[in-house]
Amino acid sequence: MEAKFNNRDPVYVQVIRHFKEQIAKGNFEPGQEIPSRRELANKLKINPNTAQRAYKEMEEQGLIFTEGNLPSRITKDEQMLKRVREELILEAVDTFIHSVRSINVPLPEVLNLVKDQYEKESNQ
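Residue numbers run consecutively from 1 along every chain, following the written order of its sequence. Reporting in this predicted model follows two pLDDT cut-offs: at least 70 for local features of residues, and 80 or more for side-chain atom pairs to be given and counted; totals over whole chains, interfaces and linings ignore these cut-offs and use all residues. Side-chain measures were taken over the full set of non-hydrogen atoms in the model, leaving aside hydrogen atoms and water.

Draft legend 1. Seen up close, the layout of surface pockets. In this analysis, the protein atoms alone were mapped onto a 1 Å grid. Cavities are point sets where a 1.4 Å probe fits without being able to get out; pockets are open sets with protein on both sides within 12 Å along at least five of seven lines; lining residues have an atom within 4 Å of a point. Grid points are joined across faces, edges and corners, and a volume is the space filled by probe spheres set on the points. Approximately 280 Å³ is the volume found for the largest pocket. Forming the walls of the largest pocket are 17 residues, and the residues nearest its centre are Val13, Gln14, Arg17, His18 and Glu21. Numbering goes from the N terminus for both helices and strands, where a helix is a DSSP run of H or I of at least four residues and a strand is a run of E of at least two. Those elements giving two or more residues to the lining of the largest pocket turn out to be helix H1 (11-25) and helix H4 (78-101). The dominant element in the lining of the largest pocket, judged by the number of residues it contributes, is H1, at eight residues. In this classification, the charged set is Asp, Glu, Lys and Arg, the nonpolar set is Ala, Val, Leu, Ile, Met, Phe, Trp, Tyr, Cys and Pro, and all remaining amino acids, among them Gly, are polar. Taken together, the residues that form the lining of the largest pocket break down as six nonpolar, three polar and eight charged. Put simply, the second largest pocket is a space of about 210 Å³.

See the structure below:
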């Protein structure tokens, strides 16, 4: 597990985003066991308290669950997993829209460019 952290956002927020991205990519399966808080802190070279805070937040969001003394696992809730994917897509779309609107690109032109680029990327 590897993550690159920026200096803008709190590290625990970036850890949560990393987990969401891994779930959306299919690298974490529903119900899959995840590293312990201590293991995660060691792997990502972060403070164990930061890992604890990220896990606590992910549990509150319903992204992961912990039963008793067993290891934490990715949620099995398909609706939650779908929402995670949609959230990431909408964030990317919002950023993109903000960028193209700032240079006044008409919607039909944007759609054609996106379609062409998407197909070009898919064929590589």
